[in-house]
Amino acid sequence: MDFRQLSVKDVQAYYDLRIEALKNNPDAFATRLEDALKNPIEKTAQNMAMKNAYTFGAFSEGRLLGNVTLVRNLAPKLHHRGSVYAVYVTPSERGKRLASHLMHQLFEFAKTMQGLERLDLAVASENKAAIALYEQLGFEKYGTDLQAMKTPEKYIDENLMVKFL
């Protein structure tokens, strides 16, 4: 397994995995599948090229199997904060600690960022497996965002979690 930071060269693999994630776990992400499919891949490439966003991936035999993104806040009063987004591992690879390895890679990278003191994330309150992983990694729940997301069928609450570096 190869763990590394993604570059714009990986945009097609990232895009494909993102579409898979939105199909398999629609309640875990704010983006709707139909909206993602409308965006050209160039939009994904622009997002990957942002100077404050860093995406890490797990590859096996050249295939992207999982990813996680760190976004550094650019506002001066919030520059000490980073947010974790888009944590996903393809179903066939779950239970093999890929998400844990990806998160540890993100932590090591985050520790090199001058002035970064904390990582924040939001996770669907019903996603018990993800919550357990984040707690094992040292994240603590500090609140609940009630009705954070809304689908035609239901509201989705999110646990707000923080890890101090």
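See the structure shown above.
The following refers to the structure shown. Small disclaimer: the values here were computed from a predicted structure and weren't measured. (Residues numbered from 1 in each chain as written. Predicted model: local features only at pLDDT ≥ 70, side-chain atom pairs only at ≥ 80, totals over all residues. Heavy atoms only, no water.)

A closer look at the nonpolar core
One recurring pattern in soluble globular proteins: nonpolar side chains tend to sit buried together.
Then comes step 1: Counting residues in each nonpolar core, the largest one holds 27 residues, and the members touching the most others are V84, M103, L106, L119, Y134 and F139.
Then comes step 2: Elements that contribute at least two residues to this core include exactly strand 2 (53-60), strand 3 (63-72), strand 4 (81-89), helix 4 (98-111), strand 5 (118-124) and helix 5 (128-136).
Then comes step 3: If you tally residues by element for this core, the top one is helix 4, at seven residues.
Then comes step 4: Those residues in contact with Y134 that sit more than four places away from it in its chain are V87, M103, L121, V123, F139 and M161.
Then comes step 5: Counting 16 residues, the second-largest nonpolar core is a separate cluster that includes Y15, L22, A45 and F59. (Core = buried A, V, L, I, M, F, W, Y, C linked by side-chain atoms within 4.5 Å. Buried < 20%, exposed > 50% of the residue type's maximum accessible area, 1.4 Å probe, protein only. Helix = DSSP H or I, 4+ residues; strand = E, 2+ residues; numbered from the N terminus. Contact = heavy atoms within 4.5 Å.)

Observations concerning helix 3 (residues 41-48)
Then comes step 1: Taken together, the buried positions of helix 3 are T44, A45 and M48. Within helix 3, the buried residues cover an arc of 100° as seen down the axis, which keeps them to one side. Residues of helix 3 that are exposed and point over 90 degrees away from its buried face: E42 and Q46. (Arc of directions from axis to C-beta.)

Quick word on the packing of aromatic side chains
Then comes step 1: Under the counting rule described, the total for this entry stands at five aromatic pairs.
Then comes step 2: Where Y54 meets F109, the ring centres are 4.8 Å apart and the plane angle is 50°; that geometry is what we call tilted. You can see Y54 sitting in strand 2 and its partner F109 sitting in helix 4, a full 55 residues away along the chain.
Then comes step 3: Here Y54 falls in the buried class, since its relative accessible area comes to 17%.
Then comes step 4: The rings of Y54, F56 and F109 are connected pair by pair, giving a single aromatic cluster.
Then comes step 5: We note R4 situated over the ring of F59; from NZ or CZ to the ring centre the distance is 4.2 Å.
Then comes step 6: Directly above the ring of F107 sits K163, whose terminal nitrogen or CZ lies 4.8 Å from the centroid. (Phe/Tyr/Trp six-rings, centres within 6.5 Å; stacked < 30°, edge-to-face > 60°. Lys NZ or Arg CZ within 6 Å of the ring centre and 35° of its normal.)

What to know about the environment of L6
Then comes step 1: Tracing the chain through its elements places L6 in the loop between strand 1 (2-5) and helix 1 (11-24).
Then comes step 2: With a relative accessible area of 8%, L6 lands in the buried category.
Then comes step 3: A C-alpha to C-alpha distance of 7.6 Å links L6 and Y54, two positions 48 residues apart in sequence.
Then comes step 4: Those residues in contact with L6 that sit more than four places away from it in its chain are Y14, M48, T55, F56, G57, F59 and L64.

Things to note about the environment of A45
Then comes step 1: By secondary structure assignment, the location of A45 is in helix 3.
Then comes step 2: In this structure A45 comes out as buried when scored by relative accessible area, which is 18%.
Then comes step 3: The spacing of A45 and S100 is 55 residues in sequence and 25 Å in space, taken between C-alpha atoms.
Then comes step 4: Ignoring anything within four residues of it in the chain, the contact list for A45 reads V8 and V11.

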